[in-house]
Amino acid sequence: LIMLKITLVLLVFFLCINLYNCTDSVTNPDNHFNLLDTVKVNYKETIHNKLENISITFDSLIGDSRCPIDVVCFWEGDAEIGFIFSGQKNNINFSLHTYKDFTNDTTLLGYNMKLISVVPYPHSDSTYAPSKYQVEIILMKE
């Protein structure tokens, strides 16, 4: 009886993970996002919110000077990401940073966007093409 209960709990857990994607981040195959969702966006990908009639494009990797994970550095470094926000017949180019003392969020046309993370994280023996990058962002209405 105990083994059956454990099996059922594990089954429910795996169903939740696999069928319902019980995570805090969302990657949408149709490139749709909801406000307040933490969303993963690939390099050069555009995501849309049809209800608000807005979109965000991960346009460019302006620079990535973050300290490689396998090196001891004087400072943590910074990744700067270029975005395009489209809404209300406007296209606005802007950038956000990973370094806490630089701008990691902005408000545009009544929407606040925050850069949560940038992957991959640098390693001293590897370089990554911009096409390998992915950002995690959250957008909310002011």
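Per chain, residues are indexed from 1 in the order of the written sequence. Reporting in this predicted model follows two pLDDT cut-offs: at least 70 for local features of residues, and 80 or more for side-chain atom pairs to be given and counted; totals over whole chains, interfaces and linings ignore these cut-offs and use all residues. In computing side-chain properties, one takes all heavy atoms of the structure into account and sets aside hydrogens as well as water.

1. A look at the environment of leucine 36
Take leucine 36: it is sitting in the loop between β1 (25-26) and β2 (38-42). Burial classification: accessible surface area is computed with a 1.4 Å probe over protein chains only, and a residue below 20% of its type maximum counts as buried, one above 50% as exposed, and the rest as partly exposed. A relative accessible area of 56% means that leucine 36 is categorised as exposed. A sequence separation of 76 residues divides leucine 36 from asparagine 112, and the C-alpha atoms of the two residues are 9.9 Å apart. Discounting residues that sit within four places of it in the chain, leucine 36 has contacts with Ile138, Leu139 and Met140. Only DSSP runs of H or I covering at least 4 residues are called helices, and only runs of E covering at least 2 are called strands; the numbering of each starts at the N terminus. Contact criterion: two residues are considered in contact whenever any of their non-hydrogen atoms come within 4.5 Å of each other.

2. A few points about the pairing of strand β5 (residues 79-87)
Along any regular strand the residues' side chains alternate between the sheet's two faces. Burial analysis of β5 places eight of its nine residues in the buried class, which makes it a mostly covered element. In this sheet, β5 lies alongside strand β4 (residues 54-64) in antiparallel orientation, the contact comprising nine bridges. Looking at the pairing, isoleucine 54 lines up with glycine 87 of β5. For two strands to pair, DSSP has to find at least two bridges joining them. Inspection of the sheet shows β5 paired to strand β6 (residues 90-97) by eight bridges, in the antiparallel sense. Each bridged residue has a counterpart across the sheet, and for serine 86 the counterpart in β6 is asparagine 91. The turn linking β5 back onto β6 is made up of two residues, and glutamine 88 within it adopts a positive phi angle of 50°.

3. Considerations on the sheet that holds strand β3 (residues 46-49)
In space, the four strands of this open sheet follow the order β3-β4-β5-β6, with antiparallel pairing throughout. Edge positions in the sheet fall to β3 and β6, since each has one partner strand and no second. Averaged over all neighbouring strand pairs, the angle between strand axes comes to 25°, with direction disregarded. Think of each axis as a best-fit line through the C-alpha atoms, taken over the contacting stretch in the case of a helix, with angles from 0 to 180 degrees between the N-to-C directions.

4. Some thoughts on the nonpolar core
Among the nonpolar cores identified, the biggest contains 22 residues, and Ile56, Phe83, Met113, Leu115, Val135 and Ile137 are the most heavily contacted of them. Taken together, the elements giving at least two residues each to this core come down to β2, β4, β5, β6, β8 (111-119) and β9 (134-141). Those residues within four positions of methionine 113 in sequence are excluded, and the remaining contacts are Ile56, Phe83, Phe94, Leu96, Asn104, Asp105, Thr106, Ile137, Ile138 and Leu139. For our purposes a nonpolar core is just a set of buried Ala, Val, Leu, Ile, Met, Phe, Trp, Tyr and Cys residues, chained together by side-chain atoms within 4.5 Å.

5. Some points on the packing of aromatic side chains
Only Phe, Tyr and Trp rings are paired, with Trp represented by its six-membered ring, and only when their centres lie within 6.5 Å; those with planes under 30 degrees apart are stacked, over 60 edge-to-face, the remainder tilted. Counted according to the given criterion, the structure contains seven aromatic pairs. Both rings, one in phenylalanine 83 and one in phenylalanine 94, keep their centres 5.5 Å apart while their planes meet at 20°; by these two values the pair is stacked. Of this pair, phenylalanine 83 sits in strand β5 while phenylalanine 94 sits in strand β6; the two residues are 11 residues apart in sequence, bridging distant segments of the chain. An identical accessibility class is assigned to phenylalanine 83 and phenylalanine 94; each is buried. A ring pair is formed by phenylalanine 85 and tyrosine 111, whose centres lie 5.9 Å apart and whose planes are at 40°; its orientation type is tilted.

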